[in-house]
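# Per-entry structural report
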Amino acid sequence: GLITFKTFCFLFTVSDAVILKTLSYQEAWEMSYFGANVLHPRTIIPVMQYDIPILIRNVFNLSAPGTLICRSTDDENDDGQSSSSLVKGFATIDNLALVNVEGTGMVGVPGTASTIFGAVKDVGANVIMISQASSEHSVCFAVPEKEVKAVADALASRFSQAIAAGRISKVDVIPNCSILAAVGQKMASTPGVSATLFNALAKANINIRAIAQGCSEYNITVVLKREDCIRALKAVHSRFYLSRTAIAMGIIGPGLIGATLLDQLRDQIAVLKEDFNIDLRVMGITGSRTMLLSEKGIDLANWRELQMEKGELADLDKFALRVHGNHFIPNTVLVDCTADADVASHYYDWLQKGIHVITPNKKANSGPLEEYLKIRSLQRQSYTHYFYEATVGAGLPIISTLRGLLETGDKILRIEGIFSGTLSYIFNNFEGDRAFSDVVGEAKAAGYTEPDPRDDLSGSDVARKVTILARESGLRLELSDIPIQSLVPEPLKACESAEEFMRQLPQFDQEIAQERQTAEDTGEVLRYVGVVDVVNQKGTVELKRYKKDHPFAQLSGSDNIIAFTTARYKEQPLIVRGPGAGAQVTAGGIFSDILRLASYLGAPS
């Protein structure tokens, strides 16, 4: 025979929960015990005994196939997948408290556990879960919160003499707890299930207070803070591919790069969701004056209009709190698309709170060395990620290439490159009898320079990139340790405006024209480069001469080129070349970091 239950309501905490086609009797029993209320645990016992299948149907959707509970089988189902996945589902129990009995006098003493649970039985309390280490130094168990006071009082009374004598050191109560249970019959025969579960919780910055797992391995039970329960459920649900890997995103700085990133996300979010199991939700966008927040995710098709209509006064602390405060999305990333040192000063606090950070902002990694080392130390000690590929070379794989070399045991000897798209363009076009000021004006008109070209010609941006690469290579250099050859004539540094600077710049064309002529007389070209000399532990930013057959002399447009000279690539340096500036490629580099974060958090790679 077949028993059919028509259920009126399923309450899913996870919005994108999936329907299970089959469950074994054991899996159904475990899930019903841990809060799946459609079936009472005792219902399973007689049907198991007589091998009667149970079909669970939804009265509101009679066309749905429902879930069949039956004897365990390893047969293949209709879609070619195993009928018994590793983890069939997750269930939770709320409003619990942990009781911890601890003491050196418990070790090796027969009857301690009997005394503890005898006292619990005497007050009529229900023990939900027990955890005890093999050292027998402590016993921890969960009871309903409404019963915990009676349990604690009974234990204090029962062990009063042992506490006075020091054999029992304490009876602790930890309130406001929840249980999360992973259930699946194949968990027992598959290595790595526990590791995956704990890894998912760690990456969501969720602390585990207690663990229980029987040798049958039908379930793994963990105790968490009640406030973390929904986020934990979402994190493990997506990690076992029962739902998408969801990431709450906050975009800081919707200027040229930030707006381009938002448009790239708009065009790609649906594809990522359907084809790659990644659910990116922009929960907030903030500029320096206005911020836009959403509980469910901002419609990126008209985010500009929404920011104008529904924006509120910008507050960076409030922004981070609101984006991170969504309990239904386990992972949060703040993407800083500014060049603001004040925003960068928040990275450490955000990372400490479990918020991932992605940025093209160079200020944190080239700022005070002590602050940089603090961030990197925190990053290495936690599961919180900090990605900054676009700080050097926009979308070019500069940081990742350097890390790959170091992590595979190569030794960096020298990094030399043209790191400024603006200065690359200027010196690629500064040839023949062209005046330097004319080329700078052309670059400004084309949008290659900053509004004030002195910001590019000063070399400070290149120096920041050199500092970042030097630190990534293991050198402990401050930005002030990098000597910079500025291309801004000394008398023009005090000009009050960019317009005045551009008017006066032609007066100084002759000096740099002579340098160009000297280079040409020896078959060379001028290039503005940054150098990290790891052997001599220093960095420099300067105008250098290169033979016309050198790779640096072959550039066109505003391309960047970086040469890595290492123990492996000593005779022939490893070269990375391509567009190193521009909103599209910079936003693309940031987007790549976002997808790298998603893969680290559990999305299929």
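Now for a look at the structure at hand. On a predicted model such as this, the values are computed, not experimentally measured, just so you know. (Residues numbered from 1 in each chain as written. Predicted model: local features only at pLDDT ≥ 70, side-chain atom pairs only at ≥ 80, totals over all residues. Heavy atoms only, no water.)

### Regarding the packing of helix H8 (residues 256–276) against helix H22 (residues 583–600)
Defined as follows: Fitting a line to C-alpha atoms yields each axis, with helices limited to the stretch in contact; the angle taken between N-to-C directions then spans 0 to 180 degrees. A run of H or I in DSSP counts as a helix once it spans at least four residues, and a run of E counts as a strand once it spans at least two, with each numbered from the N terminus. Roughly parallel refers to an angle under 35 degrees, roughly antiparallel to one over 145, roughly perpendicular to one between 65 and 115, and oblique to any angle outside these ranges. Here is the rule for handedness: rotate from the far helix to the near one, and if that takes an anticlockwise turn smaller than a right angle the crossing is left-handed, while a clockwise turn gives right-handed. We call two residues in contact whenever any of their non-hydrogen atoms come within 4.5 Å of each other. For this scheme, ten residues count as nonpolar: Ala, Val, Leu, Ile, Met, Phe, Trp, Tyr, Cys and Pro. Four count as charged, namely Asp, Glu, Lys and Arg, and the remainder, Gly too, count as polar.
Direction vectors running N to C along H8 and H22 enclose 50°, while the axes themselves pass 9 Å from each other. When the interaxial angle is binned, H8 and H22 end up oblique. Relative to H22, H8 is oriented so that their crossing is right-handed. Here Leu256, Ile257, Thr260, Leu261, Gln264, Leu265, Gln268 and Leu272 of H8 lie close against H22, whose contacting residues are Ala583, Gln584, Thr586, Ala587, Gly588, Ile590, Phe591, Ile594 and Leu595. Among the residues forming the contact of H8 with H22, the class breakdown is 11 nonpolar, 6 polar and no charged.

### Here we look at the sheet that holds strand E7 (residues 138–144)
Under the convention used in this document: When DSSP finds two or more bridges between two strands, those strands count as paired.
Strand order in this open sheet of 6 strands is E6-E7-E5-E8-E10-E9, and the pairing throughout is antiparallel. What marks the edges here is a single partner per strand, and that holds for strand E6 (129–132) and strand E9 (210–213). Going across the sheet, the axis of each strand differs from the next one's by a mean of 30°, ignoring polarity. Pairing geometry for E6 and E7, over 4 bridges, is antiparallel. Bridged to Ser131 within E7 is Cys140. Those strands touched by helix H3 (residues 112–122) are strand E5 (89–102), E6 and E7, and its axis lies near 15° from that of E7. The strands touched by helix H7 (residues 229–239) within the sheet are E5, strand E8 (170–183) and strand E10 (219–225), with E5 carrying the most contacts at an inclination of about 125°.

### A closer look at the side chain of Thr359
Rules: Burial classification: accessible surface area is computed with a 1.4 Å probe over protein chains only, and a residue below 20% of its type maximum counts as buried, one above 50% as exposed, and the rest as partly exposed. Distance and chemistry together define a polar contact, namely a pair of N or O atoms within 3.5 Å, with one atom able to donate a hydrogen and the other to accept it when in protein, and with adjacent residues in sequence counting only for side-chain atoms on both sides.
Within the secondary structure, Thr359 sits in the loop between strand E16 (356–358) and helix H13 (363–366). Of the residues examined, Thr359 reaches a relative accessible area of 0% and is grouped as buried. There is a polar contact of 3.0 Å between the side chain of Thr359 and the side chain of Tyr347. Of the polar contacts made by the side chain of Thr359, one reaches the backbone nitrogen of Asn361; its length is 2.8 Å. Leave out the neighbours within four places in its chain, and Thr359 touches Asp336, Tyr347, Tyr386, Phe387, Tyr388 and Thr391.

### So, the nonpolar core
Which entries qualify depends on this criterion: Side-chain atoms within 4.5 Å are what join buried Ala, Val, Leu, Ile, Met, Phe, Trp, Tyr and Cys residues into a set we call a nonpolar core. Start and end positions for the domains come from either an automated domain assignment or a database one.
Among the nonpolar cores identified, the biggest contains 70 residues, and Tyr347, Trp350, Ile415, Ile426, Phe427, Leu457 and Leu469 are the most heavily contacted of them. Here this core takes 6 residues from helix H19 (residues 460–472), the largest share from any one element. Per-domain counts for this core show at least three residues from each of domain 2 (245–391 + 588–601) and domain 3 (398–580). For Ile415, the residues in contact, after removing those within four places along its chain, are Leu402, Leu469, Ser473, Gly530, Val531, Val532, Ile562, Ala563 and Phe564. Within the second largest apolar cluster, 31 residues are counted, among which are Leu262, Ile285, Ile590 and Ala598.

### Regarding the pattern of salt bridges
Note the cut-off: Between Lys or Arg on one side and Asp or Glu on the other, a salt bridge is scored when a side-chain nitrogen of the former is within 4 Å of a carboxyl oxygen of the latter.
Tallying each qualifying case throughout the model produces 24 salt bridges. The partner of Asp263 in a salt bridge is Arg304, and the shortest N-O contact between them spans 3.0 Å. Here the residue Asp263 occupies a position in helix H8, and Arg304 occupies one in helix H9 (residues 303–310), the gap between them amounting to 41 residues. For Asp263, a relative accessible area of 18% gives the class buried. Glu472 serves as the salt-bridge partner of Arg376, at 3.0 Å between the closest nitrogen and oxygen.

### Comments concerning unusual backbone geometry
We note that Asn95 has phi near 60°; this positive angle belongs to a residue other than glycine. Along the chain, the position of Asn95 falls in strand E5. On the basis of relative accessible area, Asn95 is assigned to the partly exposed category, the value being 47%. A positive phi angle is found at Asn205, which is not glycine, with a value near 60°.

### Focus: helix H15 (residues 398–407)
Residues separated by three or four positions in an α-helix point in the same direction, a consequence of the helix having 3.6 residues per turn. Listed as buried for H15 are Ile398, Ile399, Thr401, Leu402, Arg403 and Leu405. Looking at the buried side of H15, the elements it contacts are helix H14 (369–381), strand E18 (412–418), H19, strand E21 (559–566) and strand E22 (574–579). The positive-phi residue at the C-terminal boundary of H15 is Gly409, with phi of around 95°.

### With respect to the pairing of strand E12 (residues 278–286)
Of all 9 residues in E12, 8 are buried; the element is thus mostly enclosed. Alignment of strand E11 (residues 245–252) against E12, held across 8 bridges, turns out to be parallel. Each residue of the ladder has a partner; that of Thr245, found in E12, is Ile278. As judged from the 3 bridges shared by E12 and strand E13 (residues 290–293), these two strands associate in the antiparallel manner. When the sheet's bridge partners are listed, Thr286 is paired in E13 with Met291. In this antiparallel pair of consecutive strands, E12 and E13, the connection spans 3 residues.

### Re the sheet that holds E12
Strand order in the open sheet formed by 7 strands is E14-E13-E12-E11-E15-E16-E17, and the pairing between neighbours is mixed. Each of the sheet's edge strands pairs with one partner strand only, and the pair in question is strand E14 (312–313) and strand E17 (386–387). In the sheet, E11 pairs with strand E15 (residues 331–336) via 6 bridges, with the strands oriented parallel. Across the sheet, the residue bridging to Met249 is Val333, located in E15. Running at roughly 170° to E11, helix H10 (residues 316–324) makes contact with E11, E12, E13, E14 and E15 of the sheet. Across the sheet, H22 is in contact with E11, E12, E15, E16 and E17; its angle to E16 comes to roughly 155°.

### A word on the packing of aromatic side chains
For clarity, the cut-off: Note on ring pairs: Phe, Tyr and Trp rings are taken, using the six-membered ring of Trp, and paired if centres are within 6.5 Å. Classes follow the plane angle, with under 30 degrees stacked, over 60 edge-to-face and the rest tilted. The criterion is that NZ of a Lys, or CZ of an Arg, lies within 6 Å of the ring centre and within 35 degrees of the ring normal, and then a charge sits over that ring.
On inspection of all chains with the given rule, the structure shows 10 aromatic pairs. On the numbers, 4.8 Å between centres and 50° between planes, the contact of Tyr386 with Tyr388 is tilted. Note on Tyr386: relative accessible area 1%, which makes it buried. Take Tyr388: its relative accessible area is 2%, and that puts it in the buried class. Relative to Phe436, the ring of Phe427 has its centre 6.0 Å away and its plane inclined at 45°; by these criteria the two rings are tilted. When sorted by exposure, Phe427 lands in the same class as Phe436, which is buried. Taken together, the aromatic side chains of Tyr347, Trp350, Tyr386 and Tyr388 make up a single cluster linked through ring pairs. A cation over an aromatic ring shows up here: Arg471 above the ring of Tyr372, its NZ or CZ 5.2 Å from the ring centre. The lysine or arginine in question, Arg596, covers the ring of Phe387, its NZ or CZ lying 4.1 Å from the ring centre.

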